[in-house]
Amino acid sequence: MTQIKKIIRLNQNQIERFSRQILINEIGNNGQIKFMNIPVIIIGCGGLGTTVATYLSMLGVRNLGLVDNDKVSLSNLNRQTLFNEKDINDSKVKVIRKKLKLINSDMNLKIYNKKITIENIDNIIKNYEIVLDCTDNFKSRYLINDACFKNKKILISAALHSFEIQLFCFKAWENKSNPCYRCIFPESDLTENIGNCDSFGIISSVAGLGGLFQSLCVVKAILKKDKRMYNEFLMYDCLNLNQKKISYQKNPHCSICKVDK
């Protein structure tokens, strides 16, 4: 990742651009400076990833990584913001980089036009503090979870299932109670056979809301306002506007994050 000078104080343009959020007591100047300094990476630039990228750019996140090896297709346009018909067959990460620069030209955007693998993921995420899992399959989620635990990265993950959003925040390496993704979903033949949005179906508003939830979790993680989020699993039913929070603890038998006795 290209090294840039950290923001120490806000200039007049930055104060004007972010004035409405600086007014919020929990943010202020210091919070805004944190948004602009902490590096974040998004893995998966579909319905979740494009929404998260948009809102993080408006929030003021300057150091942003984008990982995806897909090209824009016609079927993406029902839910993946930042793309239009003229972008079909173009690289997703290249299109997103170009369009985010139109929102916030001050961004330092690093793109990875590749598929994550066990061989490259450590190197991809090493310069980032927060990792956003916006993928749509268990294999990728396990891979990202394991790398984030190993490299001590905050992981914010979301999954979509028709009208349902599942939201997770992980910091399993921090203490003996915080779970990782495998604590909640142990790997099995069952999880490997569960499909993605191509088989379940998805609409734009559900994907967008899932991305909004993830972007809000980035805010909370950076401001360190809600430690409980690392022990809770949110399920949101968009059709009936119902939500459920389930508390989780670390699985003492987890293959990745169990605590040695």
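Below, the structure is looked at part by part. (Residues numbered from 1 in each chain as written. Predicted model: local features only at pLDDT ≥ 70, side-chain atom pairs only at ≥ 80, totals over all residues. Heavy atoms only, no water.)

### A few points about the overall build of the chain
So, point 1. Helices and strands together make up the secondary structure of the chain, namely 11 helices and 8 strands.
So, point 2. Relative to a compact globule of 261 residues, whose C-alpha radius of gyration would be 18 Å, the chain shows 18 Å and is just as compact.
So, point 3. Dimensions of the chain, computed from C-alpha atoms along their principal axes, come out at roughly 50 × 45 × 40 Å.
So, point 4. Looking at the 261 residues of the chain, the share that counts as buried comes to 52%.
So, point 5. Considering only residue pairs separated by 6 or more positions, the chain has 65% of its internal contacts joining residues 24 or more positions apart.
So, point 6. In the form shown here, the chain has an accessible surface area of approximately 13,600 Å², with 50% of it arising from carbon and sulfur atoms.
So, point 7. Computing the positive centroid from 38 side-chain charges and the negative centroid from 24, the chain places the two 8 Å apart. (Helix = DSSP H or I, 4+ residues; strand = E, 2+ residues; numbered from the N terminus. Rg over C-alpha atoms; globule rule 2.2 N^0.38 Å. Buried < 20%, exposed > 50% of the residue type's maximum accessible area, 1.4 Å probe, protein only. Contact = heavy atoms within 4.5 Å. Areas by Shrake-Rupley, 256 points an atom, 1.4 Å probe, with all protein chains shown as cover. Lys, Arg positive; Asp, Glu negative; His and termini not counted. Charge placed at Lys NZ, Arg CZ, Asp CG, Glu CD.)

### Section: the side chain of Asn178
So, point 1. Position of Asn178 relative to the elements: it lies in the loop between strand S6 (164-170) and helix H8 (181-184).
So, point 2. In contact with Asn178, other than residues within four places in its own chain, are Lys171, Ala172, Tyr230, Asn231 and Lys250.

### Let's talk about the nonpolar core
So, point 1. Formed by 49 residues in total, the largest nonpolar core has its most connected members in Ile42, Leu56, Leu64, Leu66, Leu100, Ile130 and Leu132.
So, point 2. Formed by 23 residues, the second largest nonpolar core is a distinct cluster that contains Val131, Ala147, Leu155 and Phe170. (Core = buried A, V, L, I, M, F, W, Y, C linked by side-chain atoms within 4.5 Å.)

### Here's the deal with the pattern of salt bridges
So, point 1. Enumeration over the complete set of coordinates arrives at 9 salt bridges.
So, point 2. A salt bridge links Lys150 to Asp122, with the nearest nitrogen and oxygen atoms 2.7 Å apart. Here Lys150, found in helix H7 (residues 138-151), pairs with Asp122, found in helix H6 (residues 121-125); they are 28 residues apart in sequence, far enough to count as distant.
So, point 3. Under the relative-accessibility criterion, Lys150 is labelled exposed at 58%.
So, point 4. A salt bridge links Lys245 to Glu232; the nearest nitrogen and oxygen atoms lie 3.8 Å apart. In this pair, Lys245 sits in strand S8 (residues 242-247) while Glu232 sits in strand S7 (residues 232-237), placing the two residues 13 residues apart along the sequence.
So, point 5. Connected through salt bridges with shared partners, the residues Asp146, Arg182 and Glu187 form a single ionic network. (Salt bridge = Lys/Arg side-chain N within 4 Å of Asp/Glu carboxyl O.)

### Some thoughts on helix H4 (residues 47-59)
So, point 1. An ideal rise of 1.5 Å per residue puts 18 Å on 13 residues; H4 measures up with 19 Å between its terminal C-alpha atoms.
So, point 2. The element H4 is extensively covered by neighbouring structure, given that 11 of its 13 residues are classed as buried.
So, point 3. Along H4, the positions that sit buried rather than exposed are Gly47, Leu48, Gly49, Thr50, Thr51, Val52, Ala53, Thr54, Leu56, Ser57 and Leu59.
So, point 4. Just downstream of H4 lies Gly60, where phi reads positive at about 115 degrees. (Expected span 1.5 Å × (residues − 1).)

### Comments concerning a nonpolar patch on the surface
So, point 1. Taken together, the side chains of Phe163, Ile203 and Leu239 make up a nonpolar region of the molecular surface, amounting to roughly 270 Å² of accessible area.
So, point 2. Relative to the helices and strands, Leu239 resides in the loop between S7 and S8. (Patch = residues over 30% accessible without salt bridge, like charges linked within 9 Å, V, L, I, M, F, W, Y side chains within 5 Å.)

### Things to note about the sheet that holds S7
Whenever strands of a sheet pair, they do so through backbone hydrogen bonds, lying parallel or antiparallel.
So, point 1. Within the open sheet, the 8 strands sit side by side as S3-S2-S1-S4-S5-S6-S7-S8. Their pairing is mixed. The sheet is open, and its two edges are formed by strand S3 (108-112) and S8, each paired on a single side. Along the sheet, successive strands turn relative to each other by an average axial angle of 15 degrees, direction set aside.
So, point 2. Both S6 and S7 contribute to a ladder of 5 bridges, which runs antiparallel. Paired with Glu164 across the bridge in S7 is Asp237.
So, point 3. Relative to the sheet, helix H5 (residues 92-103) contacts strand S2 (63-67) and S3, its axis offset from that of S3 by approximately 170 degrees. (Pairing = 2+ DSSP bridges. Axes fitted to C-alpha atoms, helices over the stretch in contact; angles between N-to-C directions.)

### Things to note about a positive patch on the surface
So, point 1. Where like charges cluster on the molecular surface, the positive patch consists of Lys34, Lys224, Lys225 and Lys227.
So, point 2. Tracing the backbone through its elements, the reader meets Lys224 in the loop between helix H11 (204-223) and S7.
So, point 3. Residue classification places Lys224 among the exposed positions, given a relative accessible area of 68%.

### Things to note about the packing of H4 against H5
So, point 1. In contact at an axis separation of 9 Å, H4 and H5 are set at 30 degrees when each is read in the N-to-C sense. With respect to H5, the element H4 is oriented roughly parallel. Relative to H5, H4 is oriented so that their crossing is right-handed. Note on element contacts: H5 touches H4 through Ile96, Leu100 and Ile103, opposite Thr50, Ala53, Thr54, Ser57 and Met58.
So, point 2. Taken together, the residues of the contact of H4 with H5 sort by class into 5 nonpolar, 3 polar and no charged. (Parallel < 35°, antiparallel > 145°, perpendicular 65-115°, else oblique. Left-handed = near helix turned anticlockwise from the far one by under 90°. Nonpolar A, V, L, I, M, F, W, Y, C, P; charged D, E, K, R; others polar.)

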